[in-house]
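# Survey of secondary and tertiary structure
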Number of protein chains: 2
Amino acid sequence: MASPANPKPVDVTRLKTVCSACSLRELCLPAGLDSAALAEVDRLVNRRRHVKRGDYLYHAGGALQALYAIRSGFMKSCVLHEDGREQVAGFHMMGDLMGMDAISTARHMCDAVALEDTEVCEIPFAYLEQLSRELPSLQHHFHRMMSREIVRDYGVMLLLGSMKAEERLAAFLLNLSQRFAARGYSSSEFNLRMTREEIGSYLGLKLETISRVLSRFQEDGLISVRHKHVKITDLAALRALIGRAPCQ
Amino acid sequence: MASPANPKPVDVTRLKTVCSACSLRELCLPAGLDSAALAEVDRLVNRRRHVKRGDYLYHAGGALQALYAIRSGFMKSCVLHEDGREQVAGFHMMGDLMGMDAISTARHMCDAVALEDTEVCEIPFAYLEQLSRELPSLQHHFHRMMSREIVRDYGVMLLLGSMKAEERLAAFLLNLSQRFAARGYSSSEFNLRMTREEIGSYLGLKLETISRVLSRFQEDGLISVRHKHVKITDLAALRALIGRAPCQ
DNA sequence: CAACGACTTTGACCTAGGTCAAAAACGATT
DNA sequence: AATCGTTTTTGACCTAGGTCAAAGTCGTTG
């Protein structure tokens, strides 16, 4: 079970934690760096920030100061339409890098909101560019992370553009499952940090549809859901749902 | 009107054209570089490639060799689902940079197909990384281009996730219009290079819906369409379509 | 522990867009 | 100019998912 950030108020040893000693080292920005490079990156990532549940890490329109690597917690990013409609563009967890949308115009193009108390490492962007000119491995890994975001986005387009409700939700659950697994948590049992409405927004569906499809999955023995808690009971069947082409 | 690549077979002077003399200089990778940097980039971009209508620039799964800047022509990129479903992830024209999805895994994650005869400049990726370590302005602009792709993708998510058919198509036409304008072509009159089916795939709709909505726009006096030729006759009304929130 | 608000579930009904089918229009080729 | 294949248009009908409404469940706070 993913436990939330340690509730102890301020722990000096933890505040001093650096990339080189971080358990997310191999998932996060410094993945694959040698120890010399890692020491440099320790200096790059100099500040932590706590974002309380419901609070914003940054707002659309705000100036780019830094990129943010999530240390613990859970966030969503939302694109806004002028008329107030909002589209969840992604859910982010430990090791994920946020804020890359802002590099283009030096202003954030989406909101980042904490879905539970979250701790992030601040990565001053100007300094990251400078350092990545000196450290080819850092440079390359940063490029890989931006590219990975593009690939992820393509996956979401595929989801939104050509899958039906059941497939979308199956893909969503499998994606969460796999990301939890990659972080050492259970791949079969986890808590959803977001509401049905937020899942719906992400998947281009209404919250009632999410609720109904989850119920149907449960009836069919694919999962068991109780509120935010999900247990995948038939992984193969869930995978089969998105594999086959029911249309055409 | 955008004229296709010169049909003369091989023109040596054109083959020798370099970034510093390219009319797309300010849209493309070298945007904003000083003349010293530009001279370096001239050496970086050493090869051209012609892709005939219907041919692939690269395939999903293929190894990343280079990024590609479009000099002339028109392309689409498609994400593939294992079951054969395909989702058009984007349409690309002169000055656009393609292939950034491949940096993440060193393999392309989508297909790139020419919708008309297209000429691209090959940008060897390893060399681009090397050069951008030496030229901060190139480095920064490259980052901006990757970020711009992420922002574009967020826009597509908004489109697919929370807009209805008419809004999607209006947004699509306005986007094309604006991109043609940025390249010195008419913003109000242009040829669609893609089929109704490809538009539909991009917008998460069926080709019949595209056809119907285009006809409706024409009846309402927003545009006039004849096959691939589109003329925007009421820009304001088209804009108004995506501005207001008809639902909720 | 009562009460409130936020979230979820479920049912009944409706509609935007999908599906199927047929005809028309085009463009490339002979 | 005739033919073929591709693309587009339009109509008739259908269904997945949206909408509206009501009841149930939870966590939080006084």
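All values reported here derive from a predicted model rather than from experimental measurement. (Residues numbered from 1 in each chain as written. Chains lettered and ligands numbered in written order. Predicted model: local features only at pLDDT ≥ 70, side-chain atom pairs only at ≥ 80, totals over all residues. Heavy atoms only, no water.)

### Notes on the protein's contact with DNA strand C
In the vicinity of DNA strand C lie 18 residues, with A:S215, B:A165, B:T209, B:R226 and B:H227 positioned nearest. Within the contact set of DNA strand C, a phosphate oxygen lies 2.8 Å away from a side-chain nitrogen or oxygen of A:S211. Between A:K228 and DNA strand C, the recorded distance is 3.3 Å, taken from a side-chain N or O atom to a phosphate oxygen. For the surface near DNA strand C, the leading source of residues is helix α7 (residues 207-219) of chain A, giving five residues. (Near = heavy atom within 4 Å. Polar contact = N/O pair within 3.5 Å; in protein donor to acceptor, adjacent residues only side chain to side chain. Helix = DSSP H or I, 4+ residues; strand = E, 2+ residues; numbered from the N terminus.)

### Details of the packing of helix α3 (residues 125-134) of chain B against helix α4 (residues 136-162) of chain B
Residues and elements named next belong to chain B. Axis separation between α3 and α4 bottoms out at 5 Å; the angle between their running directions is 125 degrees. With respect to each other, α3 and α4 are oriented oblique. Together, F125, L128, L131, S132 and E134 of α3 and P136, L138, Q139 and F142 of α4 make up the contact between the two elements. (Axes fitted to C-alpha atoms, helices over the stretch in contact; angles between N-to-C directions. Parallel < 35°, antiparallel > 145°, perpendicular 65-115°, else oblique. Contact = heavy atoms within 4.5 Å.)

### Quick word on the pattern of salt bridges
Scanning the model with the defined rule gives 31 salt bridges over all chains in all. A salt bridge links B:R47 to B:E122; the nearest nitrogen and oxygen atoms lie 3.4 Å apart. You can see B:R47 sitting in strand β1 (residues 47-51) and its partner B:E122 sitting in strand β6 (residues 111-124), a full 75 residues away along the chain. With a relative accessible area of 46%, B:R47 lands in the partly exposed category. In this structure, the salt-bridge partner of B:E119 is B:R48, at a minimum N-O distance of 2.6 Å. Taken together, the residues B:E119 in strand β6 and B:R48 in strand β1 connect sequence positions 71 residues apart. The same class applies to B:E119 and to B:R48, which are both buried. Overlapping salt bridges, with partners in common, bring together A:R48, A:R71 and A:E119 in one network. (Salt bridge = Lys/Arg side-chain N within 4 Å of Asp/Glu carboxyl O. Buried < 20%, exposed > 50% of the residue type's maximum accessible area, 1.4 Å probe, protein only.)

### Description of the sheet that holds strand β7 (residues 189-191) of chain A
All names here are of chain A. Pairing in this open sheet of three strands is antiparallel, and the strands run β7-β9-β8 from one edge to the other. In the strand order of this sheet, the two ends are held by β7 and β8 (223-226), each with one partner. Sheet twist, expressed as the mean angle between neighbouring strand axes with direction ignored, is 15 degrees. Pairing of β7 with strand β9 (residues 229-232) involves three bridges; the strand directions are antiparallel. Across the sheet, the residue bridging to F190 is V230, located in β9. Across the sheet, helix α5 (residues 165-182) lies against β7, β8 and β9, angled at about 100 degrees from β7, the strand it touches most. (Pairing = 2+ DSSP bridges.)

### Looking at the domain arrangement of chain A
Residues and elements named next belong to chain A. Looking at chain A, the domain boundaries give domain 1 (19-136) and domain 2 (163-240). The straight-line distance from the C-alpha centre of domain 1 to that of domain 2 is 26 Å. Of the residues lining the interface, 15 residues belong to domain 1; the matching set on domain 2 comes to 13 residues. Carbon and sulfur atoms supply 61% of the area that domain 1 and domain 2 bury against each other, a total of about 1,300 Å² over both sides. On the domain 1 side of the interface with domain 2, the three residues burying the most area are F91, M93 and M94, jointly 43% of the side's total. Inspection of the region where domain 1 meets domain 2 yields four salt bridges. With a closest N to O distance of 2.9 Å, R183 and D96 form a salt bridge. Our count for the contact surface shared by domain 1 and domain 2 stands at nine residue pairs in polar contact (both at pLDDT 80 or more). (Domains from an automatic or database assignment. Buried area = accessible area lost by both parts, 1.4 Å probe.)

### Describing helix α5 (residues 165-182) of chain B
Residues and elements named next belong to chain B. Given a rise of 1.5 Å per residue, 18 residues ought to cover 26 Å, and the 26 Å separating the end C-alpha atoms of α5 matches this to within 8%. Along α5, the positions that sit buried rather than exposed are E167, R168, L169, A170, A171, F172, L173, L174, L176, S177, R179 and F180. At the exit of α5 stands G184, carrying a positive phi of roughly 90 degrees. (Expected span 1.5 Å × (residues − 1).)

### Remarks on the state of the cysteines
What the rule picks out here adds up to zero disulfides over all chains. Considering cysteine sulfurs only, B:C110 is the nearest to B:C78, which forms no disulfide, with 7.7 Å between them. (Disulfide = S-S within 2.5 Å.)

### Remarks on the relation of the copies chain A and chain B
Overlay of chain A on chain B (RMSD 0.0 Å): rotation 180 degrees, translation along the axis 0.0 Å. Viewed as a symmetry operation, the transformation between the two copies matches a two-fold axis. Within chain A, the C-alpha atom positioned nearest to the axis of rotation is that of A:R133, 2.1 Å from it. Both copies present the same face, since 100% of the interface residues in chain A are matched by interface residues at the equivalent positions in chain B. (Least-squares fit on C-alpha atoms with pLDDT ≥ 70 in both.)

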